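# A structural walkthrough
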Amino acid sequence: MSRKRKPLPVLEALHITDVAAEGKALARVALNPDRPEEKLVVFVPYAAPGDVADVRLLRKKHSFAEGQIERMVSPSPLRVEPRCANFGVCGGCKWQHLPYAEQTAFKERQVRDVLTRIAKVELPPINTICGAKDPWFYRNKMEYTFSNKKWRTWEQVKSGEEFTDSSDALGFHIPGAFDKVLHIEECLLQDSRGDSIRNFIYGWAEGHGLSFYDLKANKGLLRTLMIRLASTGEQMVCLSFGEDDPQAIHALLEAVAERFPDITSLVHVINTKANDTISDLPVHVFKGEPFIMERMEELRFRVGPKSFYQTNSEQAYRLYSEVRRMAGLDKSASLPPEEKPLVYDLYTGTGTIACFVAKGARKVVGVEYVPEAIEDAKINASINGLDHTTFVAGDMKDVLTPEFIAANGHPDIIIADPPRAGMHPDVLKVIMDAAPSRIVYVSCNPATQARDLAVLDSAYAVREVQPVDMFPHTHHVENIVLLEKRL
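Quick look at the structure, then.

Conventions we followed
Counting starts from 1 at the beginning of each chain's written sequence and moves along it residue by residue. Side-chain atom pairs in this predicted model are given and counted only at pLDDT of 80 or more, local residue features only at pLDDT of at least 70, and totals for whole chains, interfaces and linings cover all residues. With hydrogens and water stripped out, all remaining heavy atoms of the structure feed into the side-chain values. Secondary structure elements follow DSSP: runs of H or I of four or more residues count as helices, runs of E of two or more count as strands, with numbering from the N terminus. All radius of gyration figures rest on C-alpha atoms, and the globule criterion is 2.2 Å times the number of residues raised to 0.38. In this scheme, a residue with accessible area under 20% of its type's maximum is buried, one over 50% is exposed, and one in between is partly exposed, where area comes from a 1.4 Å probe on protein chains only. In this description, contact between two residues means that some pair of their heavy atoms is separated by no more than 4.5 Å. Each helix should span, by expectation, one fewer than its residue count multiplied by 1.5 Å. When DSSP finds two or more bridges between two strands, those strands count as paired. Axes, fitted as lines to C-alpha atoms, cover a helix only where it is in contact. Angles between the N-to-C directions of the axes lie from 0 to 180 degrees. Crossovers are described as right-handed under a simple rule: with the strands pointing away from the observer, the path leading from the first strand over the helix to the second runs clockwise. In this text, buried Ala, Val, Leu, Ile, Met, Phe, Trp, Tyr and Cys residues form a nonpolar core when linked through side-chain atoms within 4.5 Å. For this analysis, a ring pair means two rings from Phe, Tyr or Trp (six-membered ring only for Trp) whose centres lie within 6.5 Å, classed as stacked if their planes differ by under 30 degrees, edge-to-face if by over 60, and tilted for the remaining angles. Placement of a positive charge over a ring is assigned whenever Lys NZ or Arg CZ falls within 6 Å of the ring centre and within 35 degrees of the normal to the ring plane.

## Observations concerning the overall build of the chain
On a plain count of helices and strands, the chain comes out with 11 helices and 22 strands. Taking 23 Å as the expected radius of gyration for a compact globule of 487 residues, we find that the chain reaches 25 Å, a close match to that expectation. C-alpha atoms of the chain, sized along the principal axes, occupy 75 × 75 × 50 Å. The proportion of buried residues among the 487 residues of the chain is 52%. Pairs at least 24 apart in sequence give 64% of the contacts found in the chain among residues at least 6 apart.

What follows is the structure in structure tokens.
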């Protein structure tokens, strides 16, 4: 006999007090009058500190619960009107209802709290976060999905209205619904040229009866769209097709090329696999070059459809500038070559940091797991005449060994920018055994960074902490920590 689960309650007039992980806000509430000291933490998306709201609980564990705002009793004075019509649905920008100054303040405090709570090491005062000059239109790369099942809100479905518009969509996956796509007409994260290109492709495809992808059945012609807009003004459009229909593909690409003659790289991929990744597929050039060029100071970087390049060009420059300064490599640029330090750039990616700091180094050794990224790094170094760089592909814990260091030289400075999981214990051990005078640790996840700092603390002291906001209107934050070897 099945037993119906008791519905979770609505917590009335709940006071939202803070911002928590993953961009959610939180409240603390005592559910048992006999034990008021025992408070349940409730996480609420799209809420703001200072809100008073009726919150319906959706999921409850022993020490925390998740809910959603059912009725706003009184909005927080911090709140601002979100600029995007898709806010709260697309799931991308979770903090548009907060002023940008409040967003950066929360991120700076998040870094401080995490490092204090997890690392438990002696910390200097945290530097003021490097916020974006303009928190809008900052992304140089956007990726969209075609779908024959346009997302409809529950309110629309419940209303019983008859939909007269197309069921095709070109936009973003709805969180928690892999086969539903929210159609986007305007996105405020990229220059409006991106909207023009995307909307033209959608309209042309609709007008000419091209099939949009069925994400459940894995069939359909139009699959994904990538738009890159470089700081140099160069533009890349990469379309992924789920079927090999040369006539239809050529007609669409010809229309795009004619409508947007400024596109410098118009490429496409045939992807009939079950997943959207194109990393293992050949790229076909329809017009222009197979890449676009980015520029940072006097350096040039070649960016292809499969290349990794920081999606916020302006903030990437600020991040790399801080890394170079904290490593002391801006000052060493004027020294004779033999007096410059030997630098290891771990998790180098396509070598952007390695190239950016190379002027101040005697030699830069870059290590990265992805072989294709290492090939890009070698090309970027060659383009910029940086023949004192070496790039090696392989799993960091397997590559970075005492033998590797003996062969490539003991580093004076190590720069590390690991993935969200942080560094493997074996890697931390080899770094400590190599005993560089400085470590500059860049992280997109301050929690795992803090865990690694606790390990490094026996040999290294934290001298500086610099948060950088790469992604306005989201909870993500980059953090740079300078460590110096203890005497």
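## Points about helix α1 (residues 100-119)
The end-to-end C-alpha distance of α1 is 28 Å, a good match for the 28 Å that 20 residues give at a rise of 1.5 Å each. Phi turns positive one or two residues past the end of α1, at K120, with a value near 55°.

## Side note on unusual backbone geometry
Non-glycine residue K120 carries a positive phi angle of around 55°. Of note in this structure, A435 is not a glycine but carries a positive phi near 55°. Structurally, A435 is set in the loop between α10 (425-434) and β20 (438-443).

## So, the sheet that holds strand β21 (residues 460-468)
Taken in spatial order, the seven strands line up as β18-β17-β16-β19-β20-β22-β21 in an open sheet, and their pairing is mixed. The open sheet has two edge strands with one neighbour each: β18 (389-393) and β21. Taking each pair of neighbouring strands and ignoring which way they run, the sheet shows an average axis angle of 15°. Bridge count between β21 and strand β22 (residues 478-485): eight bridges; the pairing is antiparallel.

## Focus: the pairing of strand β16 (residues 342-346)
Most of β16 sits inside the fold, with five of its five residues counted as buried. Burial along β16 is two-sided: the face carrying L342, Y344 and L346 and the face carrying V343 and D345 are both buried. Looking at chain direction, β16 and strand β17 (residues 363-368) are connected through five bridges and run parallel. Note on β17: the bridge partner recorded for L342 is K363. Regarding the hand of the β-α-β motif, the stretch spanning β16, helix α6 (residues 352-357) and β17 is right-handed.

## With respect to the nonpolar core
Within soluble globular proteins, side chains that are nonpolar generally end up buried alongside one another. Ranked by size, the top nonpolar core spans 78 residues in total, and within it I201, L225, L252 and I415 carry the most contacts. The element contributing the most residues to this core is helix α4 (residues 246-259), with seven residues. With residues up to four places along the chain from it excluded, the contact list for L225 reads M142, E143, Y144, F146, L170, R198, I201, V237, C238 and L239. Ranked by size, the runner-up nonpolar core spans 39 residues in total, among them Y347, Y441, A459 and V477.

## Topic: the environment of V73
Positionally, V73 belongs in strand β6 (residues 64-74). We classify V73 as partly exposed; its relative accessible area is 38%. Sequence spacing of V73 and A53 is 20 residues, and the spatial spacing of their C-alpha atoms is 4.8 Å. With residues up to four places along the chain from it excluded, the contact list for V73 reads A13, V52, A53 and D54.

## Brief notes about the packing of aromatic side chains
Considering all chains together, one arrives at 11 aromatic pairs under this definition. The interplanar angle of 85° and the centroid separation of 5.3 Å between the aromatic rings of Y46 and F87 together place this pair among those described as edge-to-face. Of this pair, Y46 sits in the loop between β4 (40-44) and β5 (52-60) while F87 sits in the loop between β6 and α1, and the two are 41 residues apart along the sequence. Y46 gets classed as partly exposed once you look at its relative accessible area, which sits at 24%. With centroids separated by 6.0 Å and ring planes inclined at 50°, the aromatic side chains of F301 and Y309 adopt a geometry described as tilted. Across the pair, Y309 and F301 agree in class, each one buried. Through pairs of rings, three or more aromatic residues link up here, namely F146, Y202 and F212. Above the face of the Y144 ring, R198 is positioned so that its terminal group lies 4.8 Å from the ring centre.

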